[in-house]
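# Results of the structural survey
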Amino acid sequence: MHDELKHIVGESGILPEAQIATYTFDGHVPKVVVLPASVQEMQEVLRFAAKENLSVMPAGAGTKLGIGNLPKKLDVVLATTRLNGVVEYEPADLTVTVEAGIRLAALQSVLAQHQQYLALDPPYADRCTLGGIVATNASGSLRMRYGAARNQVLGLRVVHANGTAVKSGGKVVKNVAGYDLNKLYIGAFGTLGIITEVTLKLSPIPAHEAILTADFQDVQSAVDTGLNIVGSQTLPMFVNLFINADLGSGETDEKKPTLVVGFSGDPETVAWQLAQGQGIMEQNGVLGVTITEGESRVRLQETIREFPARDTNTEDVIAKVNLKRTDIAEFAAQVIDASWARDVQVMALLGSGILYLSIPVTSETDFRRLANTLTQLRQSAAEVRGNLIVETAPPELKQHIDVWGTVGDTLGLMQQVKNRFDAGGVLNPGRFVSGI
């Protein structure tokens, strides 16, 4: 296998064995990591894999490998890191086309020269690639103002499991003709095809930004205040609630939920937003308000962005819960009032109805019991028409729980789509919903 793949991608297209650990996950070590330098090489690798009945796992920089169920088998990791160029950039049109392996940080540096940026702030921002962001629909707190990754993609180029290259969408913002096939690939975690090129819409870099941080006596007061700000005319970038979380002070206080609100615009507008936001907080029993700007704001926003990221030195569990905004307070209270949750940290994106739970794992952790607890929380979310996904977890936990949960009546359709795009089950076998 190595010789055939080396013939396709060359010596430099095979990751040295000493570096394969970068793409090891859930205790599984790939037999080979391939780094094609062109779409043509990628097509040949996939055709070879299909012919030899090899499984292929798409990857970018490897930051999101832990998302998904345990793989049925892991033969080839196909990494896009050598496909990392800017294909076309039109500052006047606020659009850019890039190869999937370009890192978000590198793209932002290019765009900043024209006072523009891609308004996404997913975790692992210094390392993650655009292909990985789109494949996992990774977004962040800015989704409240700008939408998730799926809302900022105009067009895609994708290679299917049989080596066929296809295109969806286009390069203009108003692109509404025909089926929106972009949405099919975005968030599919590489189970339908490997993204090779992405066209995105951009935004101007705000002239000024500031963050309001406020402590409250209880979760309900913090949530009510946050939702008042969400619905106000201040148009915040994000409104996040933190419980038991360290926001850089080095201290946590489980009795004081913290509301963090970001604003942006010209300096006069931001000053007005801050005054209005602080006024709403003071009407709702805030214990104290802090305004953060400049370098301190940048550091705080980085802390917020990286909350769902798992430290490389830990095996903490990160669960993502999707709810209606009005159900957040009750669900958060259920979590923090539980006897097992003393060290659990919570971040709620109040504008989007998303909660992230960071659950520490130690040598004493009973994974079967933790799986039962997560299953109970998943059921509580389902009762209010929400869902819970275990984004990252040690393999010991994944042996006891489906990280995605059930998808109900849509499973049959999802399986039909998978069979149509990847009949041989080459891409990511077993890792997506219900083992697709």
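All figures in this text were calculated on a predicted structure; none of them were measured in a lab.

## Describing helix 12 (residues 367-383)
Counted at 1.5 Å a residue, the expected span for helix 12 with its 17 residues is 24 Å, and the 24 Å between its end C-alpha atoms agrees. Among all positions of helix 12, only F367, L370, A371, T373, L374, L377, R378, S380 and A381 are buried. On its buried face, helix 12 sits against strand 15 (317-322), helix 11 (328-336), strand 17 (354-359), strand 18 (387-392) and helix 13 (395-398). Near the N-terminus of helix 12, the side chain that reaches the backbone nitrogen of R368, with its oxygen 3.2 Å away, is that of D366. Count one or two residues on from helix 12 and you reach R385, which has phi positive near 65 degrees.

## Describing empty space enclosed by the protein
Counting across every chain of the model gives three cavities of 30 Å³ or more. Counted as a void, the largest cavity has a volume near 350 Å³. If you trace the largest cavity, you find 28 residues lining it, with P58, A59, G60, G132 and A135 closest to the centre. Elements that contribute at least two residues to the lining of the largest cavity include exactly strand 2 (56-59), helix 4 (130-136) and strand 9 (194-201). Among the elements that line the lining of the largest cavity, the one with the most residues is helix 4, at five residues. Lining the second largest cavity are G155, L156, R157, K167, S168, G169, G170, K171, E197, V198 and T199. For the lining of the second largest cavity, the secondary structure elements donating two or more residues are strand 7 (153-159), strand 8 (165-169) and strand 9. In terms of residue class, the lining of the second largest cavity is built from two nonpolar, five polar and four charged.

## With respect to the sheet that holds strand 17
If you walk across this open sheet you meet the eight strands as 14-11-13-12-16-17-15-18, and the pairing is antiparallel. Every other strand in the sheet has two partners, leaving strand 14 (288-292) and strand 18 as the edge strands with one partner each. Strand after strand, the sheet turns through a mean of 20 degrees between neighbouring axes, direction not considered. In terms of strand pairing, strand 11 (residues 208-215) meets strand 13 (residues 258-265) through eight bridges, oriented antiparallel. Within strand 13, the residue paired with A214 across the bridge is L259. Sitting on the sheet, helix 10 (residues 294-305) touches strand 11, strand 12 (238-243), strand 13, strand 14 and strand 16 (345-349), and the angle it makes with strand 11 is about 65 degrees. Strand contacts of helix 12: strand 15, strand 17 and strand 18, with the helix running at about 140 degrees to strand 18, the strand carrying the most contacts.

## Side note on the pattern of salt bridges
Summed over the entire model, instances satisfying the criterion amount to 10 salt bridges. Here K73 ties to D75 by a salt bridge, and the two come within 3.7 Å at their closest N and O atoms. Its relative accessible area of 5% is what places D75 among the buried residues. Among the salt bridges present, the one from R297 reaches E209, with a minimum N-O distance of 3.3 Å. Within this pair, whereas R297 is found in helix 10, its partner E209 is found in strand 11, the two being separated by 88 residues in sequence. Here the two residues R297 and E209 agree in accessibility, since each one is buried. Through salt bridges with shared partners, a single ionic network connects K31, K73 and D75.

What counts, and where the lines are drawn
Residues numbered from 1 in each chain as written. Predicted model: local features only at pLDDT ≥ 70, side-chain atom pairs only at ≥ 80, totals over all residues. Heavy atoms only, no water. Helix = DSSP H or I, 4+ residues; strand = E, 2+ residues; numbered from the N terminus. Expected span 1.5 Å × (residues − 1). Buried < 20%, exposed > 50% of the residue type's maximum accessible area, 1.4 Å probe, protein only. Contact = heavy atoms within 4.5 Å. Polar contact = N/O pair within 3.5 Å; in protein donor to acceptor, adjacent residues only side chain to side chain. 1 Å grid on protein atoms, 1.4 Å probe; cavity = no way out; pocket = protein on both sides within 12 Å on 5 of 7 lines; lining within 4 Å. Points joined across faces, edges and corners; volume = space filled by probe spheres on them. Nonpolar A, V, L, I, M, F, W, Y, C, P; charged D, E, K, R; others polar. Pairing = 2+ DSSP bridges. Axes fitted to C-alpha atoms, helices over the stretch in contact; angles between N-to-C directions. Salt bridge = Lys/Arg side-chain N within 4 Å of Asp/Glu carboxyl O.

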